[in-house]
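# Per-entry structural report
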Amino acid sequence: MIDTSKKIVTLHPKGTDEAVQGIPQYVGISAKTAGSTGIAMNLTAFGPGGKAKVHYHRGFETSLYGVSGRIGMYTGARLENYCVIEPGTFCFIPPGVPHVAFNLSDTEAATAISSRNDASEQENVALVPELDGLRDAEIDEKKRQAS
């Protein structure tokens, strides 16, 4: 059935906001910005050397799509798994999986589009401070190997 009561929303963010995870993002579609009820979509912008805080998403799925640069990510209960997101890479993160993402370059930015099935996605990000720093030596090594 056609619904003519609802309006399409377009957004043009002028700058970044800092996400709960500690990284800048261009806030796109969410409950607050567009009135969405089941989806959020942002552009995550890792500056040179940028790194998120270890976190997980409480009760919602996340997908990423690499746009520019190379983003490394450790995932798992003890951050034991590793993957790289580069331009053209799709990545799925199930709910509740701890992860830390970081820019593999200290000189160039990296960006990824993130989409979540939670319109209030920032409110449901849970930090895991006890895991922060756990993989810093490995992150430094991955960055050396990438340069």
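## With respect to the overall build of the chain
When its secondary structure is counted, the chain shows two helices and 11 strands. Secondary structure of the chain in N-to-C order comes out as β-β-α-β-β-β-β-β-β-β-β-β-α. Against the globule reference of 15 Å for 147 residues, the chain gives a C-alpha radius of gyration of 16 Å, in line with a compact fold. Each principal axis of the C-alpha distribution contributes one length, and for the chain these read about 55 × 30 × 25 Å. Within the chain, the fraction of its 147 residues that count as buried is 37%. Within the chain, contacts between residues at least 6 apart in sequence are counted, and of these 72% link residues at least 24 apart. Total accessible area on the chain is roughly 8100 Å²; 55% of this is exposed by carbon and sulfur atoms. Taken together, the 14 basic and 17 acidic charged side chains of the chain have centroids lying 3 Å from each other.

## Side note on empty space enclosed by the protein
Tallying each qualifying case throughout the model produces two cavities of 30 Å³ or more. As a volume, the largest cavity reaches approximately 160 Å³. In terms of lining residues, the largest cavity is bounded by 20 residues, among which Ile 23, Thr 44, Phe 46, Leu 64 and Arg 116 are the most central. Top element by residues in the lining of the largest cavity is strand S10 (residues 110-116). It accounts for three residues. Tallied by class, the residues present in the lining of the largest cavity amount to 11 nonpolar, eight polar and one charged. Its volume calculated, the second largest cavity comes out at about 40 Å³. Forming the walls of the second largest cavity are Lys 51, Val 54, Leu 79, Val 100, Leu 131, Asp 132, Gly 133, Leu 134, Arg 135, Asp 136 and Ile 139. Its residues placed into classes, the lining of the second largest cavity shows six nonpolar, one polar and four charged.

## Re the sheet that holds strand S3 (residues 40-46)
Within the open sheet, the six strands sit side by side as S1-S2-S3-S10-S5-S8. Their pairing is antiparallel. Here the strands that pair on one side only, and so sit at the sheet edges, are strand S1 (17-18) and strand S8 (90-93). Where strand S2 (residues 24-29) lies against S3, four bridges are found, and the strand directions are antiparallel. If you follow Val 27 over to S3, its bridge partner there is Asn 42.

## Notes on the pairing of S3
With five of seven residues buried, S3 is to be regarded as a mostly interior element. When S3 meets S10, the two strands line up antiparallel, connected through seven bridges. Each residue of the ladder has a partner; that of Met 41, found in S10, is Ser 115.

## Description of the packing of aromatic side chains
One pass over the full model with this rule turns up four aromatic pairs. Ring centres 4.7 Å apart and planes at 50 degrees place the aromatic pair Tyr 65 and Phe 90 in the tilted group. With Tyr 65 in strand S5 (residues 62-68) and Phe 90 in strand S8, the pair connects residues that are 25 residues apart, well separated along the chain. Looking at Tyr 65, the relative accessible area reads 30%, which means it is partly exposed. Measuring from ring centre to ring centre gives 6.2 Å for Tyr 74 and Phe 102, while their planes differ by 20 degrees; the resulting arrangement is stacked. Here Phe 102 lies in strand S9 (residues 99-103) and Tyr 74 lies in strand S6 (residues 71-75), a separation of 28 residues in the sequence. For Tyr 74, a relative accessible area of 7% corresponds to the buried category.

Basis of the calculations
- Residues numbered from 1 in each chain as written.
- Predicted model: local features only at pLDDT ≥ 70, side-chain atom pairs only at ≥ 80, totals over all residues.
- Heavy atoms only, no water.
- Helix = DSSP H or I, 4+ residues; strand = E, 2+ residues; numbered from the N terminus.
- Rg over C-alpha atoms; globule rule 2.2 N^0.38 Å.
- Buried < 20%, exposed > 50% of the residue type's maximum accessible area, 1.4 Å probe, protein only.
- Contact = heavy atoms within 4.5 Å.
- Areas by Shrake-Rupley, 256 points an atom, 1.4 Å probe, with all protein chains shown as cover.
- Lys, Arg positive; Asp, Glu negative; His and termini not counted.
- Charge placed at Lys NZ, Arg CZ, Asp CG, Glu CD.
- 1 Å grid on protein atoms, 1.4 Å probe; cavity = no way out; pocket = protein on both sides within 12 Å on 5 of 7 lines; lining within 4 Å.
- Points joined across faces, edges and corners; volume = space filled by probe spheres on them.
- Nonpolar A, V, L, I, M, F, W, Y, C, P; charged D, E, K, R; others polar.
- Pairing = 2+ DSSP bridges.
- Phe/Tyr/Trp six-rings, centres within 6.5 Å; stacked < 30°, edge-to-face > 60°.

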